[in-house]
Each structure stands twice: as C-alpha cells, then as structure tokens.
Amino acid sequence: MAVITIHPLPDGPLCLDAVRAQRIAKVAEMASRLVETGAFVDRGDSIMVLVSFGYSPLEVHALVADARQVATEHVVAMEMTEL
C-alpha cells in the first residue's frame, strides 16, 4: 500500500516572499527611527526625518504610511504596558 502525501501549493509567486521580508524589515527600521525622534505624529516631519537618515525619497514616500503606523502601534503598546 502506497502512502499518499498532499503538499499545499504556495500562495503566490515564491519570489515575492523575499520582497515582502525586505519590505517588512525596512518598514520596521524606519518605524524605529520615527519612534526615536518622535517624528511619527506628522507626515511631513516623518518624511524629512527619514530622508535625513539617508533613505531615498522614493523609498520614503512608498513606505512612510506603513512606518508611521508601526511606530504609532509601538508607542501605544508601550504606553499601555505602563498602566
């Protein structure tokens, strides 16, 4: 009797996993810069700070919303643990 194994198909192209991982890492890095400077509250300040840290303007404009969201979530979580 043969054993049949079922392998799930990957969801989407395999090359996108590496791109997603790089994007997540970049957003986390940007968010930490925003938290340390306190510039996550205002979009304009966020953009100026990230560009001053050496990120390319294209990269900043593409990821600034996600970086601000991650930074805000981090700050809120830290404040909630202090209560």
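*Asks:* Looking at this structure, I do not really get the confidence of the model for the protein. What am I missing?
*Replies:* Per-residue confidence for the protein gives a mean pLDDT of 89, with 84% of residues at or over 70. By mean pLDDT, the top-scoring element of the protein is helix H2 (residues 43-52) (97), and the lowest-scoring one is helix H1 (residues 15-37) (90).

*Asks:* Sorry if this is basic, but what is going on with the pattern of salt bridges here?
*Replies:* When the charged atoms of two side chains with opposite charge come close together, those side chains can pair. Tallying each qualifying case throughout the model produces two salt bridges. The closest approach of N and O atoms between Asp 66 and Arg 23, which form a salt bridge, is 2.3 Å. Taken together, the positions of Asp 66 in helix H3 (residues 57-82) and Arg 23 in helix H1 put the pair 43 residues apart, joining distant regions of the chain. The exposure class assigned to Asp 66 is partly exposed, which follows from its relative accessible area of 25%. Across the salt bridge formed by Lys 26 and Glu 59, the nearest N and O atoms sit 3.6 Å from each other. Separated by 33 residues along the polypeptide, Lys 26 in helix H1 and Glu 59 in helix H3 bring together distant segments of the chain. Note on Lys 26: relative accessible area 24%, which makes it partly exposed.

*Asks:* In this structure, what is going on with the nonpolar core? I would like to understand it.
*Replies:* Counting residues in hydrophobic clusters, the biggest one holds 16 residues, and the most contacted among them are Met 30, Leu 34, Leu 50 and Val 60. Put simply, the parts of the chain that give this core at least two residues each are H1, H2 and H3. Among the elements that make up this core, the one with the highest residue count is H3 (six residues). Ignoring anything within four residues of it in the chain, the contact list for Leu 34 reads Ala 39, Phe 40, Ser 46, Val 49, Leu 50, Ala 67, Arg 68 and Ala 71.

*Asks:* In this structure, what is going on with the packing of H2 against H3? I would like to understand it.
*Replies:* The relative placement of two packed helices is expressed as an angle between their axes plus a distance between the axes. Where H2 contacts H3, the axes come no closer than 10 Å and their chain directions differ by 130°. Taken together, the axes of H2 and H3 lie oblique to each other. Considering the relative orientation of H2 and H3, their crossing is right-handed. Along the contact surface, H2 presents Arg 43, Ser 46, Ile 47, Leu 50 and Val 51, while H3 presents Pro 57, Val 60, His 61, Val 64 and Arg 68. Residue classes in the contact of H2 with H3 are distributed as six nonpolar, two polar and two charged.

Criteria and thresholds
- Residue positions are given per chain, counting from 1 as you read along its sequence in written order.
- Totals for whole chains, interfaces and linings use every residue, but because this is a predicted model, local features are given only for residues with pLDDT of at least 70 and side-chain atom pairs only at 80 or more, for both listing and counting.
- Think of the side-chain values as coming from all heavy atoms in the structure, minus any hydrogens and water.
- Residue-level confidence of the predictor is summarised by pLDDT, bounded by 0 at the bottom and 100 at the top.
- Helix and strand assignments follow DSSP, with helices taken as H or I runs no shorter than four residues and strands as E runs no shorter than two, numbered in order from the N terminus.
- Any carboxyl oxygen of Asp or Glu within 4 Å of a side-chain nitrogen of Lys or Arg constitutes a salt bridge here.
- Relative accessibility decides the category of a residue: with a 1.4 Å probe and only protein chains considered, values under 20% of the type maximum give buried, values over 50% give exposed, and everything between is partly exposed.
- Definition of nonpolar core: a set of buried residues of the types Ala, Val, Leu, Ile, Met, Phe, Trp, Tyr and Cys, connected through side-chain atoms within 4.5 Å.
- Whether two residues are in contact is decided by their heavy atoms: any pair within 4.5 Å suffices.
- To obtain an axis, a line is fitted to C-alpha atoms, over the contacting stretch when the element is a helix, and the angle between two such axes runs from 0 to 180 degrees between their N-to-C directions.
- Angle categories are assigned with fixed cut-offs, so that under 35 degrees is roughly parallel, over 145 is roughly antiparallel, 65 to 115 is roughly perpendicular, and the rest are oblique.
- Each crossing is labelled by how the near helix is turned from the far one, with a counterclockwise turn of less than a right angle marking it left-handed and a clockwise turn marking it right-handed.
- Each residue is assigned to one class: nonpolar for Ala, Val, Leu, Ile, Met, Phe, Trp, Tyr, Cys and Pro, charged for Asp, Glu, Lys and Arg, and polar for all the others, Gly among them.

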